[in-house]
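Fold and geometry: a report
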Amino acid sequence: MSDSSPLPPVRLHSEAELARDALAAPLVSRAARLARWAGPDTRVETGGVLVEEQLPAAARALGLIDGDGDGAGVGDVNAGDVSVEDALAYASEAWRIAVDTGLVEVVDEDEGTVTVGEDLALLTSGAPHEVLGVWLGALETVLADASVPDLDDLVDSMGESGEVDFSRLDWDPDAEADFLDGVLANLYLLSVSEGGPADIPVPLPALAASMVVPSDMGEPTNDVLEQVSDMMMRLDDQFRLLEPVGLVAYRPVDEALMADTDDPAEKGAPTGDETDVSRYGMVRLTPLGLYGVRARLLESGFEAPAVGDLADKGADALLDGMAAFPATAARAETEQWLTRREPLAAARELLAAARGGDAGAPLRRLHCQQALSLVGGEAEPALREVLDDAELGGLARVWLSEYGAPDVPAPSEAMVFWLTIDTVAAQLAAEGNSAELRGLVEGLAQQHGGFFEAAWRVDHPATPDVLEAMGRLHPDKRVAKEARKAAFKARSQQGG
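What counts and how
Numbering of residues begins from 1 in every chain and follows the order in which that chain's sequence is written. Per-residue local features of the predicted model are confined to residues with pLDDT of at least 70, and side-chain atom pairs are confined, for both listing and counting, to 80 or more; whole-chain, interface and lining totals are unaffected and use all residues. Computation of side-chain values covers all heavy atoms of the structure but excludes hydrogens and water. Strands are runs of DSSP state E lasting at least two residues, helices are runs of H or I lasting at least four, and both sets are numbered from the N terminus onward. Working definition: with a 1.4 Å probe on protein chains only, accessible area under 20% of the residue-type maximum means buried, over 50% means exposed, and in between means partly exposed. Each accessible area value is a Shrake-Rupley result obtained with a 1.4 Å probe; residue values ignore everything except the protein chains displayed when judging cover. Strands qualify as paired when DSSP identifies two bridges or more between them. Note that the arc is defined by the directions from the helix axis to the C-beta atoms. By definition in these notes, contact holds between two residues if any of their heavy atoms fall within 4.5 Å. Salt bridge criterion: a side-chain nitrogen from Lys or Arg within 4 Å of a carboxyl oxygen from Asp or Glu. Each Phe, Tyr or Trp ring, with Trp reduced to its six-membered ring, pairs with another whose centre is within 6.5 Å; inter-plane angles below 30 degrees give stacked pairs, above 60 give edge-to-face pairs, and intermediate values give tilted ones. Working rule for helices: expected span equals 1.5 Å times residues minus one. For helices, the axis comes from a line fit to the C-alpha atoms of the stretch in contact; other axes are also lines fit to C-alpha atoms, and the angle between any two N-to-C directions lies between 0 and 180 degrees. Under this scheme an angle from 65 to 115 degrees is roughly perpendicular, one under 35 degrees roughly parallel, and one over 145 degrees roughly antiparallel; angles in between are oblique. Definitions for this section: a left-handed crossing has its near helix turned counterclockwise from the far helix by less than a right angle. A right-handed crossing has that turn clockwise. Classes in brief: Ala, Val, Leu, Ile, Met, Phe, Trp, Tyr, Cys and Pro nonpolar; Asp, Glu, Lys and Arg charged; the others, Gly included, polar. As a per-residue quantity, pLDDT reports the predictor's confidence and falls between 0 and 100. Residues enter a nonpolar core if they are buried and are Ala, Val, Leu, Ile, Met, Phe, Trp, Tyr or Cys, with the set joined through side-chain atoms within 4.5 Å.

**Some details on the overall build of the protein chain**
In terms of helices and strands, the protein chain carries 23 helices and 5 strands. A buried classification covers 43% of the 496 residues belonging to the protein chain. When the accessible surface of the protein chain is split by element, carbon and sulfur atoms take 49% of a total near 24700 Å².

**A look at the pairing of strand 4 (residues 248–251)**
Of the two faces of strand 4, the one lined by Val248 and Tyr250 is fully buried and the one lined by Ala249 and Arg251 carries no buried residue. Inspection of the sheet shows strand 4 paired to strand 5 (residues 282–285) by 4 bridges, in the antiparallel sense. Paired with Arg251 across the strands is Met282, a residue of strand 5.

**Some remarks on helix 10 (residues 204–212)**
Inspection of helix 10 places Leu204, Pro205, Leu207, Ala208 and Val212 among the buried residues, and these make up the whole buried set. Projection of helix 10 onto a plane perpendicular to its axis shows the buried side chains occupying an angular sector of 165 degrees, all on one side. Those residues of helix 10 that are buried are in contact with helix 9 (173–192), strand 3 (202–203), helix 11 (222–242), strand 4 and strand 5.

**Brief notes about the environment of Leu55**
Looking at the element boundaries, Leu55 is found in helix 3 (residues 55–61). Counting along the chain gives 36 residues from Leu55 to Ala91, while the straight-line C-alpha distance between them is 6.5 Å. Apart from the residues lying within four places of it in its own chain, the contact partners of Leu55 are Leu50, Leu88, Ala91 and Ser92.

**Quick look at the pattern of salt bridges**
Using the criterion set out here, one finds 21 salt bridges in the structure. Residues Asp145 and Arg96 are paired through a salt bridge, measuring 2.6 Å at the closest nitrogen-oxygen approach. Taken together, the residues Asp145 in helix 6 (residues 128–146) and Arg96 in helix 4 (residues 84–100) connect sequence positions 49 residues apart. Between Asp358 and Arg364 there is a salt bridge, with the nearest N and O atoms lying 2.9 Å from each other. Overlapping salt bridges bring together Glu140, Asp181 and Arg296 as one network.

**Let's talk about the packing of aromatic side chains**
Following the criterion strictly, the structure yields 5 aromatic pairs and no others. Judged by centre distance (6.2 Å) and plane angle (90 degrees), the rings of Trp37 and Trp95 are edge-to-face. Of the two residues, Trp37 is situated in helix 2 (residues 26–37) and Trp95 in helix 4; the sequence distance between them amounts to 58 residues. Of the aromatic side chains, those joined through ring pairs into one cluster are Phe417, Phe451 and Phe452.

**Section: the side chain of Arg364**
Structurally, Arg364 can be placed in helix 16 (residues 361–375). Excluding anything up to four places from it in sequence, Arg364 contacts Leu319, Asp320, Ala353, Ala354, Arg355, Gly356 and Asp358.

**Regarding the environment of Ala347**
Tracing the backbone shows Ala347 in helix 15 (residues 343–354). For the pair Ala347 and Ala382, spaced 35 residues apart in sequence, the C-alpha separation works out to 6.2 Å. Look past the residues within four positions of Ala347 in its chain and what remains in contact with it is Leu372, Ala379 and Ala382.

**So, helix 4**
Between its first and last C-alpha atoms helix 4 spans 24 Å; for 17 residues at 1.5 Å apiece the expected length is 24 Å, and the two agree. If you check which residues of helix 4 are buried, you get Ala87, Ala91, Glu93, Ala94, Trp95, Ile97, Ala98 and Val99. The inward-facing, buried residues of helix 4 contact helix 2, helix 3, strand 1 (104–108), strand 2 (113–116) and helix 6. Just beyond helix 4, the residue with positive phi is Gly102, at close to 85 degrees.

**Concerning the packing of helix 9 against helix 12 (residues 287–299)**
Relative to each other, helix 9 and helix 12 sit at 120 degrees, their axes nearing to 10 Å. When the axis of helix 9 is compared with that of helix 12, the two are oblique. Relative to helix 12, the crossing made by helix 9 is left-handed. Facing helix 9, whose interface residues are Asp181, Leu184, Ala185, Tyr188, Ser191 and Val192, helix 12 presents Leu290, Val293, Arg294, Arg296 and Leu297. Here the contact of helix 9 with helix 12 is built from residues that sort into 7 nonpolar, 1 polar and 3 charged.

**Let's talk about the confidence of the model for the protein chain**
With 86% of its residues at a pLDDT of 70 or more, the protein chain shows a mean pLDDT of 86. Within the model, pLDDT remains below 50 along residues 264–268, and this stretch shows 12 contacts once partners closer than five positions in the same chain are excluded.

**With respect to the sheet that holds strand 3**
Ordered by their spatial adjacency, 3 strands build an open sheet running 3-5-4, and the pairing between neighbours is antiparallel. Edge positions in the sheet fall to strand 3 and strand 4, since each has one partner strand and no second.

**Side note on the pairing of strand 5**
Here strand 3 runs beside strand 5; their pairing, made up of 2 bridges, is antiparallel. Residue pairing across strands places Val202 opposite Val283, the latter belonging to strand 5.

**Observations regarding unusual backbone geometry**
The phi angle at Asp407 is positive, at roughly 55 degrees, despite the residue not being glycine. Within the secondary structure layout, Asp407 lies in the loop between helix 18 (393–403) and helix 19 (413–431). Taking the relative accessible area as the measure of exposure, Asp407 reaches 71% and is therefore exposed.

**A look at the nonpolar core**
Within the largest apolar cluster, 80 residues are counted, with the highest numbers of intra-cluster contacts made by Trp95, Trp135, Tyr188, Leu235, Phe239, Leu242 and Leu247. In terms of residues, this core owes the most to one element, helix 6, which gives 9 residues. Ignoring any residue separated from it by four or fewer positions in sequence, one finds Tyr188 in contact with Leu7, Val10, Leu285, Leu290, Val293, Arg294, Leu297, Ala304 and Pro305. Counting 34 residues, the second-largest nonpolar core is a separate cluster that includes Leu319, Phe325, Ala354 and Val375.

What follows is the structure, given as structure tokens:
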């Protein structure tokens, strides 16, 4: 994915809703409870790690084990009943999150003493964006953890010095972090794309395949299926770590499928329609996860817009900004923009911003026309004001006629052809060589005898490009040749 091309816009929940989700995330909730539990007698080791002797007390403070040290089932731990070993691990993880996010501060490293951090107050009295700032800090820590290989592999890679031998481990921390960011970016793109899954979980095999299988590959080989299977197991471990921070909703791979088999198609790679694909893992970004991944994409230099970003900007920014938006997102953005403005003033502002002879102007006018359809009858005076405008007169007549307004003057032939060129140019910019545009091109050539003889004379900057596109798209070779000849004449007329 290139960071130079914008991603489709995401629809985010309000910051207040997201902040509530952040506070409810099990890992953040446990970290806050431990920050409140910590006192003068709490001791830490180097790096702020809670001393091992105090882990049972921390686990008891979280309700993970009872007073006798026995495991107790609690609601915020997905595993249900928790073993003592797991309870201590949960407590250790929550403590580290508390330190990393500033909920707890180390007062004296030599003495190993701690105090409540200033950021703890943000979780109870801070603004929503401050709460989300704490959550993003927790997310950074968890993502770093998810990028670390299995601890057993770490132990096996230790040399005689007791230090990790990274060359034996074959682990590149930066590459592993980039890989996980790539996985989350793919999941984000699936979530925000037009017709994407939205809140529907993505099968883990599909996500794994998107990271392994070349886009131009037909039937995957056994070697590729093995890679997909290995990738699934890797992602399964990582998503189990990411769920408690609220980034994803995850249904893990069914452990019954983990039995050894020599056939990679039977191990973590469903192949038949009868297979219950959910057993192989299902994952989706939560609303909080969409917010978090978008924040990381923006930080990395990607253009990752959100619906509502343009609501407080001018009509020129709105019409230009929606150039790459899918239809549903463009409508949602326009609706938010209109709610902040008086209808007639909004219509006039939109029409003024739609003018221009630059390459983006036809698409601006298309978005303007779509926006005006949401304004309603109150826009009529603004449309009548531009009936004689060379660039907007045709658009105005279309709008007034569709609205059922009386006394709409008929357009001249020159205006009809200019509007036709403008409309096709807008569709080219919006959809490229789509089936819908191909149908429009065929209809124009069929309905208007001598269309190309008249069209090449149209004084519109996009005329040569539109005629060339018609020649490229029309299935009839004779008509396509006429279009190309007309494009040549138009370009010659414009001096190009």
